[in-house]
Amino acid sequence: MPAAPPFDPQAIADAKFEEREVRPGVTTKRTICQTCDIACSVVAEVEKGRVVKIRSSDNPIFRDNICMKGIMAPKGLADPTRILQPLKRVGKRGSGEWEKVSWDEAISDIGQRLKAIIAKHGPEAWAVSTSQWNTATDHGLGRRIMNHVGSPNWISGVALCAGNTAAVNRFTYGWFPMGDFANTKCIVLMGHNPRRHSWTPMYNFIRQAQARGAKLIVTDPRRSSSAERADIWLPLKAGSDAAMMLGWLKVILDEELYDKKFVENWTIGFDDLRKRVDEYPLERVAKLTGCDPEMIAKAARMYATEGPSIIPWTPITDMQRNSTSGIRLQSILRSVCGYVDVPGGERLEGFNPDIINESTIEMHHVLSDAQKAKQLGSDQHPAFTYRGQEAFREPTKRVYGQEYANLIMGCHMATPSATFRAMAGQGPYPVKAFFFLGNNPLMSYANMPLIIDAMMNQDLIVAHEHFMTPSAQLADYILPGDSWLERPWLMDSFGWMSSVRPSEKAMEPPGECKSTFEFWKLLAGALDKPELVPWDRLEDFYDYRLEKTGMTFDQLVKKTDIYFAPPKFRQYEKKGFATPSGKVELKSSILEELGFDPLPYFREDPPVDPEYPLKLFTGVREDGFFQTGHRHIPEMRKRHPEPLLFVSPGTATQYHLAEDEWVEVENEMGKISIKVAIKDAMPDDLIRIPHGWWKPEMKQGAGHLSGALKYADAQLCRDDADYLDREQGIPHLKGVPCRINKVEQSEQSVAPASAMEPAE
Amino acid sequence: MSIDEKLLRKRERSAALMMWMAKRSSYNKSLLDKACRWAVNRATTLPPEEDFLRDPLIDNDQGFDPDELDRYQRGETG
């Protein structure tokens, strides 16, 4: 239990835990925000049938978990440009010519065309890309239909954001752990920077832990706000996280700071790991990371001795050429220090036995081995594909009661780059139908030029969307999606944790917007497989999933904000770990079997090309936006009117850059326009490119794509062999060579005046 | 460093108690639930001047007028 603060009657009186008075004519609904992927429990206030306000939950365990994006949702989703009716392309692909059609017409034609493509090219010719955060009522139904049809080619942004971390964590101890923030004594943030308006609950957890006395270690090239609050900040070179952790292990093993009892009883491969770690003396690690060896050692000692410690999930190690080793090293540090499945450490929660989980709904067992073997990318980069995860079936059944655990939806994916190559006609077989739901694939993966080619080479593209995104502009059909305010939801933590939370429907969807549940139900019917989605309504589906709790969805809503079983620790003592050996595999038997190095390692950067002397990192969004969304909201654009290039004062001086100057950033892949912002928190020679920029007000259609061709970072993200992680095939986004080109003054007006100003 | 078994068990009991209180706090129906909610709230509340989550943008948010949202959706306002 956190220590009680000094008793202050006024502070207690000011506390917001009591249910607030509601104005006349206003009703409230307890909902879960899906503006980003963190799912904050909030309250929606409803007046005249509309959600008029989003505010903090009244439950103290969720209090104040709300940000600027959440409170703007009622306006953002009432935007006049929101798509409210199905649209069918009538001109050439990307021509911007559409006609309104009914759902029945659209689904009937989509079903016929998809069946024809499958008949001609095989079921693997159908690929789907989703990002569940916006349209999260899918609950595995898409995979379920694909598995029955016979396509393994499902991709998602989780391939380089948390889903891949989940898959790779399994190589070490069979599950993806969640840090116990409430009881931890030391937190390590590897480049991640949760703050008041971005990843708010994590920020809340971290600040609460610090207020309780927990230590904070930050590894980040930037002097981020988290770095400023840290006990130790290691300003490492971008992309050198794996080298840093090898250095920590060197200190921890040499100084015998590890948990000998746990290592002896519950791990395999310790001696091999030790030999590998010996290849990384601190002097070498200091050179690779650019950090002081004494500080590296100090941080390692703090992590190992101040514990129980946690290394919360970070997107940074998800997006680099050493991603698999980096994620593995985090799991190895947790393990050798004895922090796995203990209070204050990292819990392996497993499935909630009372809930039918999404992995079960997906029915991966019905997809034949022959079709699984066709999953794109699994031959070269199998880590998170069916092939790479196959060996977990038996151990997962032994420990967690079922063969498939699709944690964070990231454990049975096709590799995105290989999928787009096949779509572009460069793969082992053609992919000719592409569906994307709540996802803007052109800008969400590396190598945007390839993805454009891939989409232009399709026979059928279907988007389920809110807005006319650059990707939607290239579709054959755009089907209007509902939003989190307009439907119920059962949040099951993407299989990561064993808790579930209900979210109430707060208002009717506008126009003809429908949920992903309805989308898949209609498609199942159009594919002559209505039995795959037998539930009439989303609520009926949730009742089915909750049957073992003895409650319906409505009853769960009335009972609680969150449903979970009592926590259990050190479960491995009963059933072992869900790995082939039943132990923590410091040396991974599965990676070895797949032909990869079973121990973590560090691949250094390719030699510097003098043409591209700077390095960029991307993946970061401004607080007002999530991924490629929210650029249409006037209040958010007022805060962030243009994409900003962060450079250090030293770099600005070296390249004669001035604040607010428009420049180009260029590399072998392409170039983008961006405005300079000089930040003394940035290190020299490293620049920051914000993720996901386009301008909804700019010209639509092929060749324009609403400014995506001018601003989108995905045009600079490489996916050639030097810039892919070997085991997963995900791109390196943390230290990509580039240069800054000065732009003539006359060329500085890069967009119409209306685009230069917020729309407000 | 290996952790003392006794200490570990104590931490496990404490963590389980905390989760139980969070669960009851979320029910918020019976007297016991409400007592748990009060205790959880008290344990997690910081004095306003130290409350790192206080933010004018959030704290002063008045929400929207439903008629104004209707007009906005119809494209009648900016």
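Because the structure is a prediction, the values reported are computed rather than measured.

The helix and strand tally for chain A stands at 30 helices and 26 strands. Taking 27 Å as the expected radius of gyration for a compact globule of 760 residues, we find that chain A reaches 25 Å, a close match to that expectation. Along the first, second and third principal axes, the C-alpha set of chain A runs to 70 × 70 × 65 Å. Here chain A holds 760 residues, and the buried ones make up 68% of them. Excluding contacts between residues fewer than 6 apart, the proportion of contacts in chain A whose partners are at least 24 apart in sequence is 76%. Across chain A, the 92 positively charged side chains and the 101 negatively charged ones have centroids separated by 2 Å.

Attention now moves to the packing of aromatic side chains. Residues and elements named next belong to chain A. Taken as a whole and judged by the stated rule, the model has 29 aromatic pairs over all chains. Aromatic side chains Phe-435 and Phe-519 sit 6.4 Å apart centroid to centroid with 75° between the ring planes, which places their arrangement in the edge-to-face category. Taken together, the residues span a long stretch of sequence, with Phe-435 in strand β15 (residues 433-437) and Phe-519 in helix α22 (residues 516-526) at a distance of 84 residues. You can call Phe-435 buried: its relative accessible area is 0%. The class for Phe-519 is buried, based on a relative accessible area of 1%. Grouped by ring-pair contacts, the aromatic residues Phe-517, Trp-535, Phe-541, Tyr-542, Tyr-544 and Phe-553 constitute a single cluster. Positioned above the aromatic ring of Trp-693 is the side chain of Arg-631, whose terminal nitrogen or guanidinium carbon lies 5.1 Å from the ring centre.

Below, the discussion takes up the environment of Pro-598 of chain A. Residue and element names in this part refer to chain A. Within the fold, Pro-598 resides in the loop between α26 (589-593) and β21 (614-620). On a C-alpha basis, the gap between Pro-598 and Ala-446 in space is 27 Å, while along the polypeptide they are 152 residues apart. Apart from residues lying up to four places away in sequence, Pro-598 is in contact with Arg-328, Leu-586, Lys-587, Ser-588, Leu-591 and Glu-592.

Turning next to unusual backbone geometry. What is expected of a backbone is that most residues other than glycine have negative phi and most peptide bonds are trans. Residues and elements named next belong to chain A. Omega for the peptide link from Gly-307 to Pro-308 comes to 10°, which places this bond in the cis form. One can find Pro-308 in the loop between α13 (293-305) and β13 (309-310). Phi is positive for Asp-64, which is not a glycine, with a value near 65°. Within the secondary structure layout, Asp-64 lies in the loop between β3 (50-56) and α2 (68-71). The phi dihedral of Asn-447 falls on the positive side, at around 60°, and the residue is not glycine. Mapped onto the secondary structure, Asn-447 falls in the loop between α20 (441-444) and α21 (448-456).

It is worth spelling out the nonpolar core at this point. Residue and element names in this part refer to chain A. Core analysis: the biggest nonpolar cluster contains 201 residues, and Trp-126, Trp-248, Tyr-303 and Phe-435 have the highest contact counts within it. Of the residues forming this core, the biggest block, 10 residues, is contributed by helix α9 (residues 241-254). Excluding residues that lie within four positions of it along the chain, Trp-248 makes contacts with Val-188, Ile-217, Thr-219, Leu-234, Ile-296, Ala-299, Ala-300, Tyr-303 and Leu-333. Counting 17 residues, the second-largest nonpolar core is a separate cluster that includes Ala-652, Ile-674, Ile-689 and Ile-740.

Take the sheet that holds strand β1 (residues 26-32) of chain A next. Strand-to-strand pairing in sheets goes through backbone hydrogen bonds, with the strands running parallel or antiparallel. Here 3 strands make up an open sheet; going across it, the order is β1-β2-β3 (chain A) and the pairing antiparallel. Both outer strands of the open sheet, β1 and β3 of chain A, are each paired with one neighbouring strand and no more. For this sheet, the mean inter-axis angle between neighbouring strands, taken without regard to orientation, is 30°. In terms of strand pairing, strand β2 (residues 41-47) of chain A meets β3 of chain A through 6 bridges, oriented antiparallel. Bridge pairing in β3 of chain A places Val-43 of chain A opposite Arg-55 of chain A. Running over the sheet, helix α4 (residues 66-73) of chain B touches β2 and β3 of chain A and is turned about 115° from β3 of chain A.

Let's shift gears to the interface of chain B and chain A. Each partner contributes residues to the interface: chain B has 52 residues there, and chain A has 74 residues. Summed over both sides, the interface between chain B and chain A buries roughly 5800 Å², with carbon and sulfur atoms accounting for 59% of that surface. Counting every contact that joins chain B to chain A gives 5 salt bridges. Residue Asp-67 of chain B pairs with Lys-48 of chain A through a salt bridge whose shortest N-O separation is 2.9 Å. Applying the counting criterion to the chain B and chain A interface returns 19 residue pairs in polar contact (both at pLDDT 80 or more). Put simply, the parts of the chain that give the side of chain B that touches chain A at least two residues each are α1 (5-27), α2 (31-44), α3 (56-59) and α4 of chain B. Per-class residue counts for the side of chain B that touches chain A are 23 nonpolar, 13 polar and 16 charged.

Right, let's get into helix α23 (residues 538-545) of chain A. Residue and element names in this part refer to chain A. Taken residue by residue, α23 has Leu-538, Phe-541, Tyr-542 and Arg-545 as its buried positions. Each buried residue of α23 lies within a common arc of 100° when the element is viewed along its axis, so the set occupies one face. Buried residues belonging to α23 abut α5 (141-149), α15 (358-362), β18 (489-491), α22 and α24 (553-559).

Residues and elements named next belong to chain A. The strand order across the open sheet built from 4 strands is β11-β10-β9-β13, with neighbouring strands paired in parallel fashion. If you trace the sheet from one side to the other, it starts and ends with β11 (232-234) and β13, each paired once. Alignment of strand β9 (residues 186-190) against β13, held across 2 bridges, turns out to be parallel. Bridging from a neighbouring strand, Cys-186 pairs with Ser-309 of β13.

Below, the discussion takes up the confidence of the model for chain A. On average, chain A scores 94 in pLDDT, and the residues at 70 or more come to 95%. In the predicted structure, residues 1-17 of chain A sits below a pLDDT of 50 and forms 33 contacts with residues beyond four places in sequence or in another chain.

Now for the pattern of salt bridges. Scanning the model with the defined rule gives 58 salt bridges over all chains in all. We note a salt bridge from Arg-54 of chain B to Asp-64 of chain A, for which the minimum N-O separation is 3.2 Å. With one member in each of two chains, Arg-54 of chain B in the loop between α2 and α3 and Asp-64 of chain A in the loop between β3 and α2 form a pair that bridges those chains. When its relative accessible area of 28% is taken as the criterion, Arg-54 of chain B is described as partly exposed. Note that Glu-661 of chain A is salt-bridged to Lys-742 of chain A, the shortest N-O span being 2.7 Å.

It is worth spelling out the packing of helix α6 (residues 163-173) of chain A against helix α14 (residues 323-336) of chain A at this point. To characterise two packed helices, one gives the angle between the axes of the helices and the distance between these axes. All names here are of chain A. Running from N to C, α6 and α14 point in directions that differ by 50°, and their axes come no closer than 9 Å. Taken together, the axes of α6 and α14 lie oblique to each other. In this structure, the crossing between α6 and α14 has a hand that is right-handed. Contact with α6, carried on its side by Asn-164, Thr-165, Val-168, Asn-169, Phe-171, Thr-172 and Tyr-173, involves Ser-323, Thr-324, Ile-327, Arg-328, Ser-331, Ile-332, Arg-334 and Ser-335 of α14 and no other residues of that element.

How each quantity is defined
Residues numbered from 1 in each chain as written. Chains lettered and ligands numbered in written order. Predicted model: local features only at pLDDT ≥ 70, side-chain atom pairs only at ≥ 80, totals over all residues. Heavy atoms only, no water. Helix = DSSP H or I, 4+ residues; strand = E, 2+ residues; numbered from the N terminus. Rg over C-alpha atoms; globule rule 2.2 N^0.38 Å. Buried < 20%, exposed > 50% of the residue type's maximum accessible area, 1.4 Å probe, protein only. Contact = heavy atoms within 4.5 Å. Lys, Arg positive; Asp, Glu negative; His and termini not counted. Charge placed at Lys NZ, Arg CZ, Asp CG, Glu CD. Phe/Tyr/Trp six-rings, centres within 6.5 Å; stacked < 30°, edge-to-face > 60°. Lys NZ or Arg CZ within 6 Å of the ring centre and 35° of its normal. Core = buried A, V, L, I, M, F, W, Y, C linked by side-chain atoms within 4.5 Å. Pairing = 2+ DSSP bridges. Axes fitted to C-alpha atoms, helices over the stretch in contact; angles between N-to-C directions. Buried area = accessible area lost by both parts, 1.4 Å probe. Salt bridge = Lys/Arg side-chain N within 4 Å of Asp/Glu carboxyl O. Polar contact = N/O pair within 3.5 Å; in protein donor to acceptor, adjacent residues only side chain to side chain. Nonpolar A, V, L, I, M, F, W, Y, C, P; charged D, E, K, R; others polar. Arc of directions from axis to C-beta. pLDDT = per-residue confidence, 0-100. Parallel < 35°, antiparallel > 145°, perpendicular 65-115°, else oblique. Left-handed = near helix turned anticlockwise from the far one by under 90°.

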